[in-house]
Amino acid sequence: MPGAWLVLPTYNEAENIEAIVHAALPELARASPEHRVLVVDDNSPDGTGQIADRLAAESPNVEVLHRLTKDGLGRAYLAGFGRALLGGAELILEMDSDFSHDPKDLPRLIEAASDADLVLGSRYVPGGGVVDWGLRRRLLSRGGSWYARRILGVSVRDLTGGFKCFHRRVLERLDFDGIDTYGYGFQIELTYRAIRAGFTVREIPIVFRDRERGTSKMSPMIAAEAVLKVPALRFGSRRVRSG
């Protein structure tokens, strides 16, 4: 398989970053001899960036991108995607840094990319699911995905998930400057723009687990942004690069 880069955005993940990198590296190696973990740290005050620097010094397959400010998950991912593209990655993966996504699923996403442009780790296809969530959070997540699916008119069942594998051709076509969601609405926007650009999307089942260490970055403002962005995506302009 071609070179695969895993982008891990971090903000105050000192309790998780070393363990998640050590868990991800062997899984990437199983599926792609050429691989790299790229930690994108938003100047975490808890020392996450310094831990990541130590990991990079210990392994040639780890790299750190330090950003000066925290301005949203979407911006962190776009910075990481840009670096991975410049580094020659053919497959670019994203996942949470808190073990909500199981690193053991990384080879499955990479394998599925053999016949899809974008692979989504999905909680809401047969075989997928969530654990450790209360009823309210389950309803919010399922309701958000249903709402986005209905408004956007797409068949993807898990539009809000953040466990993905892109072929570089997808990210090369998307206009990063035109992507203007900063929180979790970014996940909806990126998948929708890929579909609108004509790329094939495949969902594979994953089980999502709530974080055990650290603090969730979800907030009412982030959730509201995702809700309000969906109609704008549906009725706004199509932003992709030509060629």
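Keep in mind the model is a prediction, meaning the values are calculated, not measured.

1. Topic: the environment of phenylalanine 163
Counting through the fold element by element, phenylalanine 163 comes out in the loop between helix H5 (135-152) and strand E7 (164-167). Note: C-alpha distance between phenylalanine 163 and arginine 123 (40 residues apart in sequence) is 10.0 Å. Leave out the neighbours within four places in its chain, and phenylalanine 163 touches Glu94, Met95, His101, Asp102, Asp105, Leu106, Leu109, Val119, Leu120, Gly121 and Ile206.

2. A few points about the environment of leucine 91
Along the chain, leucine 91 falls in strand E4 (residues 91-94). Look at leucine 91 and you get buried, because its relative accessible area is 0%.

3. Remarks on the side chain of serine 100
Looking at the secondary structure, you find serine 100 in the loop between E4 and helix H4 (106-112). Given a relative accessible area of 3%, serine 100 falls into the buried group. A polar contact of 2.8 Å, which involves the side chain of serine 100, links it to the side chain of aspartate 98. Of note is the side chain of serine 100, whose polar atom sits 3.0 Å from the backbone oxygen of arginine 209.

4. Looking at the pattern of salt bridges
In this structure the tally under the stated criterion is 13 salt bridges. Residue arginine 54 is joined to glutamate 58 by a salt bridge in which the shortest nitrogen-to-oxygen separation is 3.4 Å. Here arginine 54 and its partner glutamate 58 are both found in helix H2 (residues 48-58), 4 residues apart, which amounts to about one turn of the helix. One salt bridge connects arginine 123 with aspartate 158, and the closest N-O pair in it is separated by 2.7 Å. Here arginine 123 is found in the loop between strand E5 (118-122) and strand E6 (129-131), whereas its partner aspartate 158 is found in the loop between H5 and E7, with 35 residues between them in sequence. We classify arginine 123 as buried; its relative accessible area is 7%.

5. Concerning the sheet that holds E5
If you trace the 7 strands from one edge of the open sheet to the other, you get E3-E2-E1-E4-E7-E5-E8, paired in mixed fashion. Looking at which strands have only one partner, the edges of the open sheet turn out to be strand E3 (62-66) and strand E8 (201-205). Averaged over all adjacent pairs, the angle separating strand axes in this sheet is 20 degrees, with direction ignored. Sheet topology note: the strand E1 (residues 4-10)/E4 ladder contains 4 bridges and is parallel. Its bridge partner being in E4, tryptophan 5 is matched across the sheet by isoleucine 92. Packing of helix H1 (residues 17-31) onto the sheet brings it into contact with E1, strand E2 (35-41), E3 and E4, and relative to E2 it is tilted by some 155 degrees.

6. A few points about unusual backbone geometry
What is expected of a backbone is that most residues other than glycine have negative phi and most peptide bonds are trans. Even without being glycine, asparagine 12 reaches a positive phi, approximately 55 degrees. Following the sequence through the fold, asparagine 12 ends up in the loop between E1 and H1. Although it is not a glycine, phenylalanine 99 sits at a positive phi angle of roughly 70 degrees.

7. Quick notes on the packing of H1 against H2
Two elements in contact, H1 and H2, have axes whose closest approach is 9 Å; the angle formed by their N-to-C orientations is 35 degrees. For the crossing formed where H1 meets H2, the hand is right-handed. Along its contact with H1, which presents Ile17, Glu18, Val21 and His22, the element H2 presents Thr48, Ile51, Arg54 and Leu55.

What counts and what doesn't
- Residues numbered from 1 in each chain as written.
- Predicted model: local features only at pLDDT ≥ 70, side-chain atom pairs only at ≥ 80, totals over all residues.
- Heavy atoms only, no water.
- Helix = DSSP H or I, 4+ residues; strand = E, 2+ residues; numbered from the N terminus.
- Contact = heavy atoms within 4.5 Å.
- Buried < 20%, exposed > 50% of the residue type's maximum accessible area, 1.4 Å probe, protein only.
- Polar contact = N/O pair within 3.5 Å; in protein donor to acceptor, adjacent residues only side chain to side chain.
- Salt bridge = Lys/Arg side-chain N within 4 Å of Asp/Glu carboxyl O.
- Pairing = 2+ DSSP bridges.
- Axes fitted to C-alpha atoms, helices over the stretch in contact; angles between N-to-C directions.
- Left-handed = near helix turned anticlockwise from the far one by under 90°.

No statement about biological role is implied by the geometric values presented.
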